[in-house]
Amino acid sequence: MLSARRLVVKIGSALIANLETGEIRGPWLETLIEDVARIFARGQQVIIVTSGAVAVGSSYFNRLGRALPVEDKQTAAAIGQVRLMRAYERALRRHGFGVGQMLLTREDIDNQHRRLNAASTLQQLLKLRAVPIINENDTTATAEVCFGDNDRLAARVAQMVNADVVILLSNLDGLFSEDPHDNPAARLVTEVRCITPEIEAMAGHSFARHSSGGMVTKLLAARIAMDAGCKMVIARGNKSYPLAAIENGGPSTWFVPLAKATQCTSANSAEDCSRRSSEP
C-alpha cells in the first residue's frame with residue numbers, strides 16, 4: 001500500500017450502515033476518512049466504491065433486514081444515496097476535501113466512450129482534491145446491465161484508472177481454507193498468486209460467472225484486478241481505522257498478479273499459488 005500511487009477502497013453495506021436500523025455508522029466512517037486523509041497527505045490518491053444506499057434507504061419502507069421488490073429497492077437506493085453522500089461529504093470536509101459522486105452500471109464501463117469519459121472525470125476530481133465516491137446506479141440498473149455487487153465494480157474501476165491496489169473491506173480477515181464460521185480451525189490464506197480451482201473452492205459456493213455476494217464475488221474481483229496487473233487485498237473492515245490496520249500488518253489476504261511471463265493454470269501447485277498462515 002505504501003508504494004501505491006492510486007488505491008480503490010470498497011466499503012460494504014454492513015460496514016457503512018447498521019443493517020437493523022438503517023443508520024449510517026458515523027463514528028466508524030470518521031476513522032475511515034482519517035485513514036484516507038493520511039494516505040492523500042503522503043502523495044497517494046484514493047477512490048471509494050461504497051455500498052449502503054439500499055440499506056440506508058430501506059428504513060423508509062419499514063422492511064429492514066428483508067428483501068425488497070425491485071421497484072422498492074430502486075426507490076430505497078435513491079433515498080439512501082442522498083444520505084450516504086451527505087455523510088461522506090461531512091466527514092471529508094473536515095479534512096479539507098471535496099466530494100464527487102459517480103453512479104455507474106456495467107454498461108458505462110463496457111462502452112469505450114462512456115468508460116473514457118468516466119475515467120477522465122475521476123482524474124479531474126482527484127486533481128481538485130474531491131474524493132470520488134462511486135456506487136452502482138441501483139435506481140436504473142437491471143439484471144442485464146448491473147454488476148450486482150460492488151466487489152467487481154471496484155476491480156473494474158481500478159482497471160479503468162490504472163490503480164495499483166484494490167482494497168475490499170469485509171467482515172472477515174480474508175480468504176480462509178474453509179468457512180471459519182463452520183470450521184474454527186480454518187486457516188487464513190495470506191497470499192494468492194493465481195486463482196486455481198482449489199482457491200475457487202475456498203469461496204464455499206458455486207463459482208458461477210454471475211454469482212453475487214460473499215467470497216465468490218471477491219474472487220471474481222481478484223481475477224479482474226490481477227488480470228489488469230493490480231494487487232488486491234481482502235481485510236476486516238468493521239473496526240476503527242481499517243486502512244491503518246492493513247498497513248500495520250493486520251490479518252488479510254493479498255492477491256498478487258503474476259509476472260506477465262508466467263501463466264496461471266490449473267497445473268500450478270497450491271504451494272505455488274497461495275500461502276496460508278500458521279494461525280487458525
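What you see is a predicted model, and the numbers here were worked out from it, not measured in a lab.

**A few points about the overall build of the protein**
Argument step 1. Per the secondary structure count, the protein includes 11 helices and 10 strands.
Argument step 2. Relative to its 280 residues, the protein shows a buried fraction of 50%.
Argument step 3. Partitioning the contacts of the protein with sequence separation of at least 6, the portion at a separation of at least 24 is 74%.
Argument step 4. Carbon and sulfur atoms form 48% of the exposed surface of the protein, whose accessible area is close to 13,200 Å².

**Things to note about the nonpolar core**
Argument step 1. One finds Ile 11 and Ile 167 to be the most contacted residues of the largest nonpolar core, which totals 81 residues.
Argument step 2. In terms of residues, this core owes the most to one element, helix H9 (residues 214-227), which gives 9 residues.
Argument step 3. Once residues lying within four places of it in the same chain are set aside, the contact partners of Ile 167 are Met 1, Leu 7, Val 8, Val 9, Lys 10, Val 233, Leu 243 and Ile 246.

**Thoughts on the packing of helix H7 (residues 150-160) against H9**
Argument step 1. H9 packs onto H7 with a crossing angle of 10° between their chain directions and a minimal axis gap of 8 Å. Relative to H9, the element H7 lies roughly parallel. Contact residues: H7 offers Asp 151, Arg 152, Ala 155, Arg 156 and Gln 159, while H9 offers Gly 214, Thr 217, Lys 218, Leu 220, Ala 221, Ile 224 and Ala 225.
Argument step 2. Residues belonging to the contact of H7 with H9 are distributed by class as follows: 5 nonpolar, 3 polar and 4 charged.

**Quick notes on the packing of aromatic side chains**
Argument step 1. Scanning the entire structure with this criterion turns up 1 aromatic pair.
Argument step 2. For the ring pair Phe 40 and Phe 97, a centre distance of 4.9 Å and an interplane angle of 50° mean the geometry is tilted. Placement of Phe 40 in helix H2 (residues 26-41) and of Phe 97 in the loop between helix H4 (70-93) and strand S3 (98-104) is noted, with a sequence separation of 57 residues between them.
Argument step 3. Accessibility expressed as a relative area gives 7% for Phe 97, which makes it buried.
Argument step 4. When the ring centre of Phe 97 is taken as reference, the NZ or CZ atom of Arg 129 above it lies at 4.1 Å.

**Some words on H9**
Argument step 1. Here H9 spans 21 Å end to end across 14 residues, near enough to the 20 Å set by a 1.5 Å rise per residue.
Argument step 2. Taken across its 14 residues, H9 has 11 buried, putting it largely inside the fold.
Argument step 3. Within H9, the full set of buried residues consists of Met 215, Val 216, Thr 217, Lys 218, Leu 219, Leu 220, Ala 221, Ala 222, Ile 224, Ala 225 and Met 226.
Argument step 4. Remark: Gly 229 follows H9 within two positions and exhibits a positive phi of approximately 75°.

**Structural notes on the packing of H2 against H4**
Argument step 1. Running from N to C, H2 and H4 point in directions that differ by 50°, and their axes come no closer than 9 Å. Classified by the interaxial angle, the pair formed by H2 and H4 is oblique. For the pair H2 and H4, the sense of crossing is right-handed. Here Leu 29, Glu 30 and Ile 33 of H2 lie close against H4, whose contacting residues are Ala 87, Tyr 88, Ala 91 and Leu 92.

**What to know about the side chain of Asn 137**
Argument step 1. Examined against the element boundaries, Asn 137 turns out to sit in the loop between strand S4 (130-136) and H7.
Argument step 2. The exposure class of Asn 137 is buried, given its relative accessible area of 15%.
Argument step 3. Once residues lying within four places of it in the same chain are set aside, the contact partners of Asn 137 are Leu 103, Leu 104 and Thr 105.

**Comments concerning the pairing of strand S1 (residues 6-11)**
Argument step 1. The buried fraction of S1 amounts to 6 of the 6 residues, a majority that puts the element mostly inside the structure.
Argument step 2. Along S1, one buried face is formed by Arg 6, Val 8 and Lys 10 and the opposite face, lined by Leu 7, Val 9 and Ile 11, is buried too.
Argument step 3. Summarising the sheet, S1 and strand S2 (residues 45-50) pair through 6 bridges and their orientation is parallel. For Val 8, the partnering residue across the bridge sits in S2 and is Ile 47.

**Re the confidence of the model for the protein**
Argument step 1. Of the residues in the protein, 85% have a pLDDT of 70 or more, and the chain-wide mean is 87.
Argument step 2. Of the regions scoring below 50 in pLDDT, residues 206-212 engages in 18 contacts with residues more than four places distant in sequence or in other chains.

What counts as what
- Residues numbered from 1 in each chain as written.
- Predicted model: local features only at pLDDT ≥ 70, side-chain atom pairs only at ≥ 80, totals over all residues.
- Heavy atoms only, no water.
- Helix = DSSP H or I, 4+ residues; strand = E, 2+ residues; numbered from the N terminus.
- Buried < 20%, exposed > 50% of the residue type's maximum accessible area, 1.4 Å probe, protein only.
- Contact = heavy atoms within 4.5 Å.
- Areas by Shrake-Rupley, 256 points an atom, 1.4 Å probe, with all protein chains shown as cover.
- Core = buried A, V, L, I, M, F, W, Y, C linked by side-chain atoms within 4.5 Å.
- Axes fitted to C-alpha atoms, helices over the stretch in contact; angles between N-to-C directions.
- Parallel < 35°, antiparallel > 145°, perpendicular 65-115°, else oblique.
- Nonpolar A, V, L, I, M, F, W, Y, C, P; charged D, E, K, R; others polar.
- Phe/Tyr/Trp six-rings, centres within 6.5 Å; stacked < 30°, edge-to-face > 60°.
- Lys NZ or Arg CZ within 6 Å of the ring centre and 35° of its normal.
- Expected span 1.5 Å × (residues − 1).
- Left-handed = near helix turned anticlockwise from the far one by under 90°.
- Pairing = 2+ DSSP bridges.
- pLDDT = per-residue confidence, 0-100.

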